[in-house]
Number of protein chains: 2
Amino acid sequence: MIADALVRVAGRGGLHAVSMRAVAAEAGVSLRLVQYYFNDKSELMHAALLQLERQSAERLAGRLARLPSPPPARAYIEAFLAEALPTDARSREFHFVWTSYAVLAMGDAALAEQPFVAGPDRQERQLAGVLRRARTDGELAVGADPAAEAARLLTLSHGLGTSVLVGQRTAAAAEEVLRYHLDRLFTVPGPAPAPE
Amino acid sequence: MIADALVRVAGRGGLHAVSMRAVAAEAGVSLRLVQYYFNDKSELMHAALLQLERQSAERLAGRLARLPSPPPARAYIEAFLAEALPTDARSREFHFVWTSYAVLAMGDAALAEQPFVAGPDRQERQLAGVLRRARTDGELAVGADPAAEAARLLTLSHGLGTSVLVGQRTAAAAEEVLRYHLDRLFTVPGPAPAPE
DNA sequence: CACTTCGTGATACGGATGTACCATAAAGAA
DNA sequence: TTCTTTATGGTACATCCGTATCACGAAGTG
């Protein structure tokens, strides 16, 4: 798929390395073909962004599907956040390109609307719902507000993700901060760390 | 200054709108002059980044200088984080351009080294130092780990900042999340919110 | 068969960009 | 005075980019 080629190109050289020609070469097709399927460059960029979003949602769904049912709140949230950190090379590519799009969207409200506003809003509500249920089950620390905690979780994981991408922190260090955060949010302990 | 012109151009159209000609026009000088002071485009970009960093440090220093001495830990940290959120137009421009550079640095380890690794590392240590002192003074919640808390504060504020830039959250909402976070971190209450 | 649509290729065009080169004028040093 | 350095402008050049155009075969349809 051509949109995949765009992601690969952007994963190597950033979004500013994405040109119609570079994408065509990466996909092994002619420039004309890229023009044929996506008339514009903007259409191509938009399509690649939609595809990134879809793939990410699928990966998250896969993680959640592997949970026991009903999923424990902490496991659910850990699955959620595991997808939000750039741990392996594939995930790193994804987050790099995704963040590049996010910066692009900071100067273009129309581009931002669906993926960067509506998407995180939905995730935040979803997370808040899980936290509300956990609170009635008495699993949350006292005084925890589900909506505020959902916002904290998402923004914290995004911030950690960029600090990893930029090379300030290793993915393992970011996961440790996240674990620390969850330990202070939940009253029930998380899973024991794997022995080394 | 020419580097200021670069920041203004990037603040409007993002870093990809920055060209030698655009910067020259914004600064009201000839293209040749931009070439004269900064031989390369990469030198120009680098210089503008350094200037952004310096200005940000100066603003932070100004905030900290206006604090009573010795500054209360919470006030100190609030000053720190106030600088980290895009509240007004000037701050928004700064964070937009800064984040654009951060994304650029994700694909260029050399560019990232000084401003995006060493800088946040230093800030994190600085914050951890303040938190350590607050802990010995009994101002921190029980079980709080200064290093982990510093990491949480910085990454949380960065994540909140990008969510504001992208339009998902208002700056006021971000400040509220931050206040919530600090309320759970400190045992002593923060300043009362201004009556409306 | 004739014709239209779809998929793919090669290439041309206008514009923007980074960089290089030439020129000029002021100022200071010899 | 002559020379060198500093500061500034104008312009040309090669390259790349997005887009448009022409071309051609395969496939399906009447």
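Before any of the text, the structure's been laid out above.
Reference entry: report on the structure contained in this document. Note that the coordinates shown come from a computational prediction; the quantities given were computed from them, not determined experimentally.

## Here's the deal with the packing of aromatic side chains
Residue and element names in this part refer to chain B. Here the structure, examined in full by the defined rule, presents 8 aromatic pairs over all chains. Here the aromatic rings of Y36 and Y37 are separated by 5.5 Å at their centres, their planes lie at 65°, and the arrangement is edge-to-face. The burial state of Y36 is the same as that of Y37; both residues are exposed. Seen from their ring centres, F94 and W98 are 5.8 Å apart, and the 20° between their planes marks the pair as stacked. Of this pair, F94 and W98 both sit in helix α6 (residues 89–106), 4 residues apart, which is roughly one turn of the helix. This pair shows no difference in class: F94 is buried, exactly as W98 is.

## Some details on the relation of the copies chain B and chain A
Relating the two copies of this chain is a rotation about some axis coupled with a shift parallel to it. Of the two same-sequence chains, chain B is brought onto chain A (RMSD 0.0 Å, axial shift 0.0 Å) by a rotation of 180°. Overall, the copies show the geometry of a two-fold rotation axis. Of the residues that chain B buries at the interface, 100% are likewise interface residues in chain A, meaning the two copies contact each other through the same surface.

## Some details on the protein's contact with DNA strand D
M20(A), R21(A), K41(A), R32(B) and Y37(B) are the nearest of the 16 residues found near DNA strand D. Taking all atoms of DNA strand D within 4 Å of the protein, the share assigned to sugar and phosphate is 42%. In this structure, a phosphate oxygen belonging to DNA strand D sits 2.8 Å away from a main-chain N or O atom of M20(A). In this structure, R32(B) approaches DNA strand D through a side-chain N or O atom, which is 2.8 Å from a base oxygen. Those elements that place two or more of their residues in the surface near DNA strand D are α2 (20–27) and α3 (31–37) of chain A together with α3 (31–37) of chain B. No other element matches α3(B), which puts 5 residues into the surface near DNA strand D. Considering only residue class, the surface near DNA strand D consists of 7 nonpolar, 3 polar and 6 charged.

What counts, and at which threshold
- Residues numbered from 1 in each chain as written.
- Chains lettered and ligands numbered in written order.
- Predicted model: local features only at pLDDT ≥ 70, side-chain atom pairs only at ≥ 80, totals over all residues.
- Heavy atoms only, no water.
- Phe/Tyr/Trp six-rings, centres within 6.5 Å; stacked < 30°, edge-to-face > 60°.
- Buried < 20%, exposed > 50% of the residue type's maximum accessible area, 1.4 Å probe, protein only.
- Helix = DSSP H or I, 4+ residues; strand = E, 2+ residues; numbered from the N terminus.
- Least-squares fit on C-alpha atoms with pLDDT ≥ 70 in both.
- Contact = heavy atoms within 4.5 Å.
- Near = heavy atom within 4 Å.
- Polar contact = N/O pair within 3.5 Å; in protein donor to acceptor, adjacent residues only side chain to side chain.
- Nonpolar A, V, L, I, M, F, W, Y, C, P; charged D, E, K, R; others polar.

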